[in-house]
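Inside the fold
Chain residues, written in single-letter form:
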Amino acid sequence: AISFIGIQLVGTAADYLRTRQLLGVIIGVVFMLILSLMDYSWLLNFQWIMYGFNIVMLLAVRFFGSSANGAARWVDLGFIRFQPTELSKIIIILFFAKFFMDHEETLNTPKTLVLSGVLLAVPLFLILEQPDLKNTITVVVIFCIMIYVAGLSYKIIGGALLIAVPLTIIFLSIVVQPDQKLLKDYQRSRIMSFLYPENEEYSDDIEQQNNSKTAIASGELVGKKLSGDDSTTSVNQGNFVAENQTDFIFAVAGEEYGFIGCVIIVLLLLAIAFECIRMSLRAKDLSGKVLCCGIGGLIALQSFINICVATGLAPNTGTPLPFVSYGLTSLVSFFIGIGIVLNVGLQVRKY
């Protein structure tokens, strides 16, 4: 349901992309069905091959990637261009699901924690170097969710929070300085425009989000499409919001289908994330449990970030809305994740 809503919204934002989005859904469903019938325990036996393949993909972006808007995040194979980071997030979830199960008894020992940190740091560094700060943060958050589900001690969690909170405050205090070196200029501008929206210096960065909010508000209860209002709109006819087929697809939903359409999208995404958690409770082993929570957490987190950006509740990050935004790599990757979750749910727990 959410995928066909995505096809409709992408087609509304850019009609020439409708067929591509439909093709992406078909390919994704095929992968989902195949993976739902393959034993995930067997797949996880190839964890180190997947890890190596992931590193090779990210290195290919580093040395041969094609650039857009100042970032090299795509690999162009001639007949197709894809974004390895989107698939990388699924592979990282698969890898650590197996890793945490293999080290279940020693998860809270310094050796295992350091090893897991090092194994995460390698792909994380390659993602950050693209540069892709949003996906770097996303991977870190998903890793934290997975290691918590795997059984991380509350003492370690408490200690980590005591370190993380002051570090975050120090980080923000440095970032607001004009001569800071921690972030790229455009990354700092996005944060500053969110913290100080009234400052004219950052007006260009906040304008896109303001137009997005205007578009969402103009849809009112049922939206302009259902109400028959075909006047010039801020997103589609006016083209006041860039990337409205990807990062700001929620603005299209709000304008075309109003509050009711937005609520339906939120509820469908929430239902998918909830179902992933429910599947985790039926998993036959720890790897299945961690896997489901990782995929569900990824869907929930990206949905939350995308909608917060479109409604001005978070800095502009350029995160696609799962199953809705245009982007075949992201779309197929999410279907791959859901296929594995379905496989976990289809296997009977052994008592």
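In this report, the structure presented in the accompanying data block is examined. (Residues numbered from 1 in each chain as written. Predicted model: local features only at pLDDT ≥ 70, side-chain atom pairs only at ≥ 80, totals over all residues. Heavy atoms only, no water.)

Another aspect to go through is the overall build of the protein chain. What the protein chain contains, in helices and strands, is 14 helices and 3 strands. With the C-alpha coordinates of the protein chain rotated into their principal frame, the extents come out at 60 × 50 × 40 Å. In the protein chain, buried positions account for 50% of the 351 residues. Here the protein chain has roughly 17,400 Å² of accessible surface; of this, 68% comes from carbon and sulfur atoms. Between the centroid of the 23 positive side chains of the protein chain and the centroid of its 26 negative side chains there is a distance of 10 Å. (Helix = DSSP H or I, 4+ residues; strand = E, 2+ residues; numbered from the N terminus. Buried < 20%, exposed > 50% of the residue type's maximum accessible area, 1.4 Å probe, protein only. Areas by Shrake-Rupley, 256 points an atom, 1.4 Å probe, with all protein chains shown as cover. Lys, Arg positive; Asp, Glu negative; His and termini not counted. Charge placed at Lys NZ, Arg CZ, Asp CG, Glu CD.)

Now for helix H8 (residues 154-175). Along its 22 residues, H8 runs 31 Å from first to last C-alpha, staying within 8% of the 32 Å computed at 1.5 Å per residue. The N-cap residue of H8 is Ser-153: its side-chain oxygen and the backbone nitrogen of Lys-155 are 3.2 Å apart. (Expected span 1.5 Å × (residues − 1). Polar contact = N/O pair within 3.5 Å; in protein donor to acceptor, adjacent residues only side chain to side chain.)

Right, let's get into the side chain of Thr-136. By secondary structure assignment, the location of Thr-136 is in helix H7 (residues 133-150). Take Thr-136: its relative accessible area is 9%, and that puts it in the buried class. For Thr-136, the side chain forms a polar contact with the main-chain oxygen of Asp-132, separated by 2.7 Å.

It is worth spelling out empty space enclosed by the protein at this point. Per the counting criterion, the structure on display carries 2 cavities of 30 Å³ or more. If you add up the space inside the largest cavity, you get close to 40 Å³. Within the residue set of the lining of the largest cavity, elements represented by two or more residues are helix H5 (84-102) and H7. A per-class count over the lining of the largest cavity returns 6 nonpolar, no polar and 1 charged. Computed from the structure, the second largest cavity encloses a volume of approximately 30 Å³. In terms of lining, the second largest cavity is formed by Pro-320, Leu-321, Pro-322, Phe-323, Val-324, Ser-325, Tyr-326, Gly-327, Ser-330 and Leu-331. Broken down by class, the residue content of the lining of the second largest cavity amounts to 7 nonpolar, 3 polar and no charged. (1 Å grid on protein atoms, 1.4 Å probe; cavity = no way out; pocket = protein on both sides within 12 Å on 5 of 7 lines; lining within 4 Å. Points joined across faces, edges and corners; volume = space filled by probe spheres on them. Nonpolar A, V, L, I, M, F, W, Y, C, P; charged D, E, K, R; others polar.)

Two numbers describe a pair of aromatic rings. These are the distance of the centres and the angle of the planes. Counted according to the given criterion, the structure contains 14 aromatic pairs. Relative to Tyr-51, the ring of Trp-48 lies with its centre 5.9 Å away and its plane at 70°, an arrangement referred to as edge-to-face. Residue Trp-48 and its partner Tyr-51 are located together in helix H4 (residues 47-64), separated by 3 residues, close to a single helical turn. On the numbers, 5.3 Å between centres and 80° between planes, the contact of Phe-323 with Phe-335 is edge-to-face. Here the residue Phe-323 occupies a position in the loop between helix H13 (286-310) and helix H14 (328-346), and Phe-335 occupies one in helix H14, the gap between them amounting to 12 residues. With respect to burial, Phe-323 and Phe-335 carry one shared label: buried. Taken together, the aromatic side chains of Trp-48, Tyr-51, Phe-95, Phe-96, Phe-99, Phe-100 and Phe-143 make up a single cluster linked through ring pairs. (Phe/Tyr/Trp six-rings, centres within 6.5 Å; stacked < 30°, edge-to-face > 60°.)

Honestly, that's just the spatial picture; any functional story needs more than this.
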